[in-house]
Amino acid sequence: MDVRIGITTSLHDGEQRLDVDYVHAVDRAGGIPVIVPMVETADTLDACVRLLHGLVITGGPAVTEGLIGDLPDDIDQADPIRARSDAAVLRAFLKTRRPVLGICYGMQMLNAVHGGTIYADVEANVDGSLTHSEQRGGTWHPIEIDASSALHAVLKRRSLLVNTRHIQAVSRVAEPFRIAARAPDGVVEAIENDDGTVLGVQFHPERMGSDMAPLFQNLVQHARRLACADNLGT
């Protein structure tokens, strides 16, 4: 059956924008990419969510909920319209237990909406942290994946190199998540729920080619199983 995967967007000067890498990653995984509109009314939001079988929350500016410390000058906070829309769509998805993949800002959003906390600037807030921001000179760095995690079952790797594109980072991990991967300095690089249907990664897998294809394939497979079980239609 057709599996529709919603993809959230950025918001610039009143325009919704989306990096095509996200679209290609979902497409190659066998899903039908659908751009999630930033609607205002609850009924329309519910109708949009009912059309979708899975969700990707894309990267973006700073999350402002649950912050530890002050935002630095070199990161902007997410546009309030985007932040409200992303949170509303995410909460609607979580209520229906449909699968979600949160990427960078998306992982932080997952943690924040569940009451977890976020370092506003991990380099300033955590002694000994690596430079995790490409714009500050960070480069690719290794992560260690928990052997018992769903992420390990998907990627079948205990360690890998990931890109470095974040200033914020998860501090206290909210229930119902567990830590699935860390950087060498201890910074959380992935979180997941108990059954692996909700995953958050701090890096950008859509920019990592075939190595990260299983992550998007996993999302589509979970979405397909749920759609078939619930007879959500094509």
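Quick notes on the rules
Residues numbered from 1 in each chain as written. Predicted model: local features only at pLDDT ≥ 70, side-chain atom pairs only at ≥ 80, totals over all residues. Heavy atoms only, no water. 1 Å grid on protein atoms, 1.4 Å probe; cavity = no way out; pocket = protein on both sides within 12 Å on 5 of 7 lines; lining within 4 Å. Points joined across faces, edges and corners; volume = space filled by probe spheres on them. Helix = DSSP H or I, 4+ residues; strand = E, 2+ residues; numbered from the N terminus. Nonpolar A, V, L, I, M, F, W, Y, C, P; charged D, E, K, R; others polar. Pairing = 2+ DSSP bridges. Core = buried A, V, L, I, M, F, W, Y, C linked by side-chain atoms within 4.5 Å. Buried < 20%, exposed > 50% of the residue type's maximum accessible area, 1.4 Å probe, protein only. Contact = heavy atoms within 4.5 Å.

Notes on empty space enclosed by the protein
Right, on to step 1. Counting across every chain of the model gives one cavity of 30 Å³ or more.
Right, on to step 2. For the largest cavity, the calculated volume is near 40 Å³.
Right, on to step 3. Around the largest cavity, the lining residues are Pro99, Val100, Leu101, Gly196, Thr197, Val198, Leu199, Leu215, Asn218, Leu219 and His222.
Right, on to step 4. Taken together, the elements giving at least two residues each to the lining of the largest cavity come down to β7 (100–103), β14 (198–201) and α7 (213–230).
Right, on to step 5. Ranked by residue count, the leading element in the lining of the largest cavity is α7, at four residues.
Right, on to step 6. Looking at the lining of the largest cavity, its residues break down into seven nonpolar, four polar and no charged.

Comments concerning the sheet that holds strand β8 (residues 118–119)
Right, on to step 1. The three strands lie next to each other as β6-β8-β11, forming an open sheet whose pairing is mixed. The open sheet has two edge strands with one neighbour each: β6 (67–68) and β11 (169–170).
Right, on to step 2. Inspection of the sheet shows β8 paired to β11 by two bridges, in the antiparallel sense. From the neighbouring strand, Ile118 faces β11, where its bridge partner is Val170.

Some details on the nonpolar core
Buried together is how nonpolar side chains tend to be arranged in soluble globular proteins.
Right, on to step 1. In this structure, Ile5, Val56, Ile103, Leu151 and Leu215 are the most contacted members of the largest nonpolar core, which totals 31 residues.
Right, on to step 2. When neighbours within four sequence positions are excluded, Ile5 is seen to be in contact with Val26, Gly31, Ile32, Pro33, Val34, Leu52, Gly54, Leu55, Val56, Leu219, Val220 and Ala223.
Right, on to step 3. The next biggest cluster of nonpolar side chains, apart from the first, holds 26 residues, and it includes Ile57, Leu110, Val170 and Ile191.

Thoughts on the layout of surface pockets
Right, on to step 1. Looking at the largest pocket, its volume works out to about 730 Å³.
Right, on to step 2. Along the walls of the largest pocket sit 34 residues, with Gly59, Gly60, Pro61, Arg165 and His204 positioned nearest its centre.
Right, on to step 3. Only β2 (10–12) and α4 (105–113) provide two or more residues apiece to the lining of the largest pocket.
Right, on to step 4. Top contributing element to the lining of the largest pocket by residue count: β2, with three residues.
Right, on to step 5. Across the lining of the largest pocket, the residue classes break down as ten nonpolar, 14 polar and ten charged.

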